[in-house]
Amino acid sequence: SSHTSSGSSSHGVSDLESLEHVMSTYSVIPSPKVSDTVVEPYNATLSVHQLVENADQCFALDNEALYDICFRTLKLTNPSYADLNMLIANAIIGTTCSLRFPGQLNCDLRKLAVNMVPFPRLHFFLVGFAPITAKNSQDYRVLTVQELTAQAF
């Protein structure tokens, strides 16, 4: 079902509250520094248009940032797709945790959309995840609040 809203964000909120299903996506945004595929920018442009029109929530994952995390934080010289997928899976696990476990912070995707989306077309979220630690140093690494904050932002 399509929904439109104009005037104020309260119209968009009521549209989201009335939705039976919430379309949530996790999209890896390409970077020219990481990939040299010629058609990648065109595919990204076309897919963003579809996400604006058809999705209710889009969690954006920057491909260049994923590689940067692998190089700088995880100290990997040649990251594999398994390494990148592990980072993406951790981000998805973190954003869906409140859906899977009961508690005071328990919410559903509809509540998240109502609280985080001011206008229907502005539904793109950036994902932050911390702590990220290399496998070989997890057992003895002590994280400070400053380091956790720096990793999250």
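Residues numbered from 1 in each chain as written. Predicted model: local features only at pLDDT ≥ 70, side-chain atom pairs only at ≥ 80, totals over all residues. Heavy atoms only, no water.

## Observations regarding the pairing of strand E1 (residues 24-29)
Phase 1 of the analysis: Pairing between E1 and strand E2 (residues 57-62): six bridges, direction parallel. Paired with Thr25 across the strands is Cys58, a residue of E2.
Phase 2 of the analysis: Crossover handedness for the path E1 to helix H2 (residues 40-54) to E2: right-handed. (Pairing = 2+ DSSP bridges. Helix = DSSP H or I, 4+ residues; strand = E, 2+ residues; numbered from the N terminus. Right-handed = clockwise from strand over helix to strand, strands pointing away.)

## Regarding the confidence of the model for the protein chain
Phase 1 of the analysis: Averaged over all residues, the pLDDT of the protein chain equals 78, while 82% of them reach at least 70.
Phase 2 of the analysis: The model gives residues 1-12 a pLDDT under 50, and that stretch makes 15 contacts with residues more than four places away or in other chains. (pLDDT = per-residue confidence, 0-100. Contact = heavy atoms within 4.5 Å.)

## A short note on the sheet that holds E2
Phase 1 of the analysis: Spatial ordering of the open sheet is given by E1-E2-E3, a layout of three strands whose pairing is parallel. Edge positions in the sheet fall to E1 and strand E3 (124-126), since each has one partner strand and no second. Geometrically, the sheet is characterised by an average inter-axis angle of 30° between neighbouring strands, direction not taken into account.
Phase 2 of the analysis: Bridge analysis of E2 against E3 gives three bridges, and the strand direction is parallel. Counterpart to Ala60 in the pairing with E3 is Leu126.
Phase 3 of the analysis: With respect to the sheet, H2 is in contact with E1, E2 and E3, its orientation differing from that of E3 by roughly 110°.
Phase 4 of the analysis: Relative to the sheet, helix H3 (residues 63-72) contacts E1 and E2, its axis offset from that of E2 by approximately 45°. (Axes fitted to C-alpha atoms, helices over the stretch in contact; angles between N-to-C directions.)

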